[in-house]
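# Summary of the model geometry
In case you want the letters, here they are:
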Amino acid sequence: MKKIQIIILLLLAMASVDMSAKTLVVYYSYTGNCHEIVQTLTSQIDADTLRIYPVDKTQHYEANNYALGTQLLNAIYADPTNPDSYPAIDPVTISLDDYSNYIIVTPLWWSHMAAILQTYLFHHGSEMAGKNVGLIVSSHSSGISGVVADAQRLVPEAEWMGNALWINNANHPNRESLIRNWLIAIDYDNLTAEVKGDINGDGEVTIGDVTALIDMLLSGDANHPQADCNNDSEVTIGDVTALIDYLLSGSWGTSR
Ligand SMILES: Cc1cc2nc3c(=O)[nH]c(=O)nc-3n(C[C@H](O)[C@H](O)[C@H](O)COP(=O)(O)O)c2cc1C
């Protein structure tokens, strides 16, 4: 009995309760186009947003034929693995752990990802490993292959949601339909659909979800859309047994 208690305690200690499989839109916008794109995007999907800001908000990146923007990018490409190569950004308090899907929205600067957003992804891109990541790029007219390469460098282990969406200046007024069609093309709804029993939001149902569910019940906060494993409209110990049953049998509601 004591052994079982110790095992349960160990499992509980290991449990990580991620309460949802949500989407976070991470973006930077200097002149406002990406901000408008994000507003349009979040009118079509349920997502939280994280806007990245540079520490120095006095800079005019476009001045002198975009000299400062160029200088920031040159510093990055001279030494891309050095944190000092990236411009300083305001601290971010949002934890990526709370999300399973991310959409990155960035301006294109000289065929690359805007330097400010590169800073954030340099430090946090690895936290998106194994998760669904989409990319939307806004440029005046240049093609986006360099930005896609930057995203792949900065978020190396992502499960990319199809091809990136490019919205150029001429198409910006049509962003509503462009974004809607892109979401259909990448099968966004299916990609991000929550999995019944996936309590910890890692996209699969395993023993980790049993411990997360027990943890949730012990914490008294059992309000999770995927936790009602036996479909009786409440979350109780019965859902833990239904979840264990599922793991043992491979399908929902077979035994007992
Ligand atoms: C420093 C800098 C460099 C840029 N370089 C390019 C470029 O090479 N090609 C292009 O088509 N647009 C370029 N642009 C324009 C932006 O990509 C475009 O205006 C974008 O929509 C800006 O997004 P934002 O309004 O969210 O900042 C550049 C803008 C800046 C500030």
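Residues numbered from 1 in each chain as written. Predicted model: local features only at pLDDT ≥ 70, side-chain atom pairs only at ≥ 80, totals over all residues. Heavy atoms only, no water.

## So, unusual backbone geometry
Notably, Asn64 is not glycine yet its phi reads approximately 50 degrees, a positive angle. For Asn64, the position within the fold is in helix α3 (residues 63-78). Positive phi values are uncommon outside glycine, yet Tyr66 reaches one of about 65 degrees. With respect to the helices, strands and loops of the structure, Tyr66 is situated in helix α3. Tyr66 sits in the partly exposed class, given a relative accessible area of 44%. (Helix = DSSP H or I, 4+ residues; strand = E, 2+ residues; numbered from the N terminus. Buried < 20%, exposed > 50% of the residue type's maximum accessible area, 1.4 Å probe, protein only.)

## Focus on the pattern of salt bridges
On inspection of all chains with the given rule, the structure shows five salt bridges. Between Arg175 and Glu36 there is a salt bridge, with its nearest N and O atoms 3.9 Å apart. Placement of Arg175 in helix α6 (residues 175-185) and of Glu36 in helix α2 (residues 33-44) is noted, with a sequence separation of 139 residues between them. Residue Arg175 is classed as buried on the basis of its relative accessible area of 18%. Take Glu36: its relative accessible area is 33%, and that puts it in the partly exposed class. Residue Lys57 pairs with Asp90 through a salt bridge whose shortest N-O separation is 2.9 Å. (Salt bridge = Lys/Arg side-chain N within 4 Å of Asp/Glu carboxyl O.)

## Brief notes about the packing of aromatic side chains
Taken as a whole and assessed by the stated rule, the structure comprises five aromatic pairs. Look at Tyr28 and Trp109: their rings are 6.0 Å apart centre to centre, the planes differ by 80 degrees, and that puts the pair in the edge-to-face class. Here the residue Tyr28 occupies a position in the loop between β1 (22-27) and α2, and Trp109 occupies one in strand β3 (residues 99-109), the gap between them amounting to 81 residues. Residue Tyr28 shares its accessibility class with Trp109, and that shared class is buried. Between Tyr61 and Trp109, the aromatic rings sit 4.8 Å apart at their centres with planes inclined by 45 degrees, giving tilted as the arrangement. (Phe/Tyr/Trp six-rings, centres within 6.5 Å; stacked < 30°, edge-to-face > 60°.)

## Details of helix α5 (residues 145-154)
Within α5 the residues assigned to the buried category are Val147, Asp150, Ala151 and Leu154. Taken around the axis of α5, the buried residues stretch over an arc of 100 degrees, which confines them to a single face. Contacts from the buried residues of α5 go to α3, β3, β4 (112-113), α4 (115-124), β5 (132-139) and β6 (159-160). (Arc of directions from axis to C-beta. Contact = heavy atoms within 4.5 Å.)

## A closer look at the site of the ligand
Around the ligand there are 19 residues in total, and Ser29, Thr31, Leu108, Ser138 and Ser141 lie nearest to it. Within the backbone of His140, one N or O atom sits 3.0 Å away from an oxygen atom of the ligand. Computed on the free molecule, the ligand has an accessible area of 640 Å², of which 90% lies beneath the protein chains in the complex. Looking at which element gives the most residues to the shell around the ligand, the answer is β3, with three residues. (Near = heavy atom within 4 Å. Polar contact = N/O pair within 3.5 Å; in protein donor to acceptor, adjacent residues only side chain to side chain. Areas by Shrake-Rupley, 256 points an atom, 1.4 Å probe, with all protein chains shown as cover.)

## Some words on the domain arrangement of the protein chain
As far as domains go, the protein chain holds domain 1 (2-18 + 194-249) and domain 2 (22-191). Look at where the C-alpha atoms of domain 1 and domain 2 centre, and you get two points 35 Å apart. (Domains from an automatic or database assignment.)

## So, the side chain of His172
Looking at the element boundaries, His172 is found in the loop between β7 (165-168) and α6. With residues up to four places along the chain from it excluded, the contact list for His172 reads Asn33, Glu36, Ile37 and Ile167.

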